[in-house]
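A look at the structure
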Amino acid sequence: MTTFPSTSTTAWLTALTGAGVEQHLVPGMVFHVDGSPVEAVGAGPAHLLGPVESVFSRLRAAGVSSSVIPGMIADYPGPWSRALWQGADIVPSTRPAGTPPDPRDTASQAVADVDAVLATGADLVIAYVDIDTTVHQEGYSDRVRQALAILDSAAIRWRRHEVLTMALSDHGATEVRPDAAVTQRWTAMADSGLCDPVSGGAGRVRWLHSCPGQHQRLLTMARDALGDVAWVASKWEVAQRGLWPASESLLRRVGDVVAVATAPAFPVPQEDMRYEHGSITPMEMLVPFAIW
């Protein structure tokens, strides 16, 4: 089971540090810090994150070295990615051409990069393999399955050489089918003057920061506009449901009106996506963990 929201910025921090969202304070891709919107993967202020320690720092303290092949995460050299890899040695990765690249090429190159680092006698090698970009565009397609088969074959080969392999995903994904009328209702809310027009969250969980004195009006408007495609609640109701802790430090960063997708027509920020995540359906929340 992944985090809520079921999105990379939140889930990878929890997976690699053991810190819950109430500690690392990254509840999505976009959230407020000091009253202004920030992107989790951006440069950000020094206090973008709460205090965390990665598993790699703990391993280094125990005498185990870690080598990280960050893949596309190397494109985000801010506090978020530094927190993920703290304590590890960063190994430059060779990424295939194409935008986005063929996932089979991505998998093959990741295998070659891991082979090269294993040849140096590394204790622990971690590689980020970007299958996510393709899933967003085409779902669990034949190309995705073939990419995963490449990784499976490599893991079987490494096991023959007494190398243990583990694979973990940060979230799942589910089909989305944007509806122009629903998207227009979201836009009307954002432009209503009742809230900051910049929404927060990620994918199939989005929130709005109401203007002073406008919370109830915005909540009512959101329920009327999105009630057929989302569970709409205040951030305190979300905490009461147990989806995130009732932490003052966390809730200051989240909009006070939250929409959690319940249908494919939910208005996701990027309308060209065929598959998205962020919400609490099993397809988004249940993640694989494999050991060879």
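For the structure itself, look to the data block above.
Figured I'd write up the structure that's included with this text. Here the structure is a predicted model, which is why all the values come from computation and not from measurement. (Residues numbered from 1 in each chain as written. Predicted model: local features only at pLDDT ≥ 70, side-chain atom pairs only at ≥ 80, totals over all residues. Heavy atoms only, no water.)

So, the overall build of the protein chain
Helix and strand counts for the protein chain come out as 12 helices and 13 strands. Whereas a compact globule of 292 residues would reach a radius of gyration of roughly 19 Å, the protein chain reaches 20 Å, a difference of no more than 12%. Taken over the C-alpha atoms alone, the protein chain extends approximately 60 × 40 × 30 Å along its principal axes. Within the protein chain, the proportion of its 292 residues that are buried is 48%. Sequence separation of at least 24 residues holds for 69% of the intrachain contacts in the protein chain that already meet a minimum separation of 6. Of the roughly 13,500 Å² of accessible surface on the protein chain, 55% is carried by carbon and sulfur atoms. Positive and negative side-chain charges in the protein chain, numbering 21 and 31 respectively, have mean positions lying 3 Å apart. (Helix = DSSP H or I, 4+ residues; strand = E, 2+ residues; numbered from the N terminus. Rg over C-alpha atoms; globule rule 2.2 N^0.38 Å. Buried < 20%, exposed > 50% of the residue type's maximum accessible area, 1.4 Å probe, protein only. Contact = heavy atoms within 4.5 Å. Areas by Shrake-Rupley, 256 points an atom, 1.4 Å probe, with all protein chains shown as cover. Lys, Arg positive; Asp, Glu negative; His and termini not counted. Charge placed at Lys NZ, Arg CZ, Asp CG, Glu CD.)

Considerations on the pairing of strand β3 (residues 66-69)
Here β3 shows two buried faces, one formed by S66 and V68 and the other by S67 and I69. Here four bridges tie β3 to strand β5 (residues 124-127), and the two strands are oriented parallel to one another. Its bridge partner lying in β5, V68 is registered against I126. Where β3 lies against strand β4 (residues 89-90), two bridges are found, and the strand directions are parallel. Considered in β4, the bridge of V68 is made with I90. The β-α-β motif built from β3, the intervening helix α4 (residues 79-85) and the parallel element β4 has right-handed crossover chirality. (Pairing = 2+ DSSP bridges. Right-handed = clockwise from strand over helix to strand, strands pointing away.)

Focus: the packing of helix α8 (residues 180-190) against helix α9 (residues 215-226)
It is at 9 Å that the axes of α8 and α9 come closest, and there the two elements cross at 170°. For the element pair α8 / α9, the angle class is roughly antiparallel. Taken together, the residues of α9 that come into contact with α8 (itself represented by V182, R185, W186, A188 and M189) are M221, A222, A225 and L226. In the contact of α8 with α9, the residues fall into eight nonpolar, no polar and one charged. (Axes fitted to C-alpha atoms, helices over the stretch in contact; angles between N-to-C directions. Parallel < 35°, antiparallel > 145°, perpendicular 65-115°, else oblique. Nonpolar A, V, L, I, M, F, W, Y, C, P; charged D, E, K, R; others polar.)

Remarks on unusual backbone geometry
Going from F4 to P5, the amide bond is cis rather than trans, its omega being -10°. Of note, P5 is situated in the segment before α1 (8-17). With phi around 60°, E162 is a residue other than glycine that occupies positive phi space. Structurally, the position occupied by E162 is in the loop between α7 (142-160) and β6 (166-168).

Considering the pattern of salt bridges
Following the criterion strictly, the structure yields 12 salt bridges and no others. For E53, the salt bridge identified is with R58, shortest N-O distance 3.7 Å. A relative accessible area of 41% means that R58 is categorised as partly exposed. The salt bridge partner of E284 is R204, with a shortest N-O separation of 2.8 Å. With E284 in helix α12 (residues 282-285) and R204 in the loop between β8 (200-202) and β9 (205-208), the pair connects residues that are 80 residues apart, well separated along the chain. The class for E284 is buried, based on a relative accessible area of 0%. Shared partners join several salt bridges into a network, and the residues in it are D102, R104, E138 and R143. (Salt bridge = Lys/Arg side-chain N within 4 Å of Asp/Glu carboxyl O.)

Some remarks on the packing of aromatic side chains
Taken as a whole and judged by the stated rule, the model has five aromatic pairs. Where F56 meets W85, the ring centres are 6.3 Å apart and the plane angle is 35°; that geometry is what we call tilted. With F56 in helix α3 (residues 55-61) and W85 in helix α4, the pair connects residues that are 29 residues apart, well separated along the chain. For W85, a relative accessible area of 11% gives the class buried. Judged by centre distance (5.9 Å) and plane angle (75°), the rings of W207 and W244 are edge-to-face. Remark: W244 occurs in the loop between α10 (235-240) and α11 (248-251) and W207 occurs in strand β9; sequence separation between them is 37 residues. For the residue pair W207 and W244, the accessibility class agrees, reading buried in each case. In this structure, R241 packs its charged tip against the face of W231, placed 4.5 Å from the ring centre. (Phe/Tyr/Trp six-rings, centres within 6.5 Å; stacked < 30°, edge-to-face > 60°. Lys NZ or Arg CZ within 6 Å of the ring centre and 35° of its normal.)

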